[in-house]
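# Descriptive structure summary
If you want the building blocks of each chain, they are given just below.
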Amino acid sequence: MLAKQLSIFLENKSGRLTEVTEVLGASNINLSAMSIADNSDFGILRCIVSDPDKACKVLKDAGFAVKVTDVIGFTCPNTPGSLAVVLRYLSDNDVFIEYMYSFNHGNYANVVIRPSDLKVCDELLEKKKVDLLAANDLYKL
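Overview of the structure.

### With respect to the pairing of strand E2 (residues 31–38)
Sheet topology note: the E2/strand E3 (residues 42–49) ladder contains seven bridges and is antiparallel. Across the sheet, the residue bridging to aspartate 38 is glycine 43, located in E3. In this structure, the hairpin formed by E2 and E3 is closed by a connection of three residues.

Structure below.
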């Protein structure tokens, strides 16, 4: 099941992340999950939000460079080796993970991935009975 993720490009300077969170907060948009990757010149904030279409618009209106990307969310038990089982399904079928981020929630972990082939990944995880997160559920975490 596909969900929309925002990728927001940020200059590496103090206050830019604060500005993003203020714009989202002022628009009553909640951050469900996020990850930041950076290099010497800029960072990429990847995030799942409660209303991705609205978030994209308000961030662009505020002058941020924003891209919407499809990702897949799933849950797995929060036990040693559980994630490895799911990743083995993908690697055995030549599905490359471009990036991922995750967070645990008690007895289970929520995982967001950007696979090289969304359709094959989604079909494979469904076939293997991995607990996929519907977009609306992911937006509300």
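Now, onward.
### Observations regarding a nonpolar patch on the surface
Together, Leu17, Met34 and Ile36 make up an exposed nonpolar region whose accessible area comes to about 250 Å². Structurally, the position occupied by methionine 34 is in strand E2. According to the relative accessible area criterion, methionine 34 is partly exposed, its value standing at 43%.

### Considerations on unusual backbone geometry
Residues apart from glycine generally show negative phi values, whereas peptide bonds are mostly found in trans. Look at asparagine 28: it is not a glycine, yet its phi comes out positive at around 60°. Its location among the elements puts asparagine 28 in the loop between helix H1 (16–26) and E2. Relative accessible area serves as the criterion here: at 70%, asparagine 28 is assigned to the exposed category. A positive phi angle, near 60°, is found at lysine 129, a position not held by glycine. Mapped onto the fold, lysine 129 is located in the loop between helix H4 (118–127) and strand E7 (131–132).

### Re the nonpolar core
If you look at the biggest cluster of nonpolar residues, it comprises 16 residues, and the most contacted ones within it are Leu6, Ile8, Val20, Leu59 and Phe64. Counting residues per element, this core draws most heavily on helix H2 (residues 52–61), at four residues. Excluding residues within four positions of it along the chain, phenylalanine 64 makes contact with Ile8, Leu10, Arg16, Glu19, Val20, Val23 and Leu59.

### Things to note about the side chain of arginine 46
Residue position: arginine 46 is located in strand E3. Despite its burial, arginine 46 remains without a salt bridge, the nearest opposite charge being carried by glutamate 98 at 7.0 Å. Excluding residues within four positions of it along the chain, arginine 46 makes contact with Gln5, Leu6, Ser7, Ala33, Met34, Ser35, Ala37, Tyr99 and Tyr101.

Thresholds applied
- Residues numbered from 1 in each chain as written.
- Predicted model: local features only at pLDDT ≥ 70, side-chain atom pairs only at ≥ 80, totals over all residues.
- Heavy atoms only, no water.
- Pairing = 2+ DSSP bridges.
- Helix = DSSP H or I, 4+ residues; strand = E, 2+ residues; numbered from the N terminus.
- Patch = residues over 30% accessible without salt bridge, like charges linked within 9 Å, V, L, I, M, F, W, Y side chains within 5 Å.
- Areas by Shrake-Rupley, 256 points an atom, 1.4 Å probe, with all protein chains shown as cover.
- Salt bridge = Lys/Arg side-chain N within 4 Å of Asp/Glu carboxyl O.
- Buried < 20%, exposed > 50% of the residue type's maximum accessible area, 1.4 Å probe, protein only.
- Core = buried A, V, L, I, M, F, W, Y, C linked by side-chain atoms within 4.5 Å.
- Contact = heavy atoms within 4.5 Å.
- Lys, Arg positive; Asp, Glu negative; His and termini not counted.

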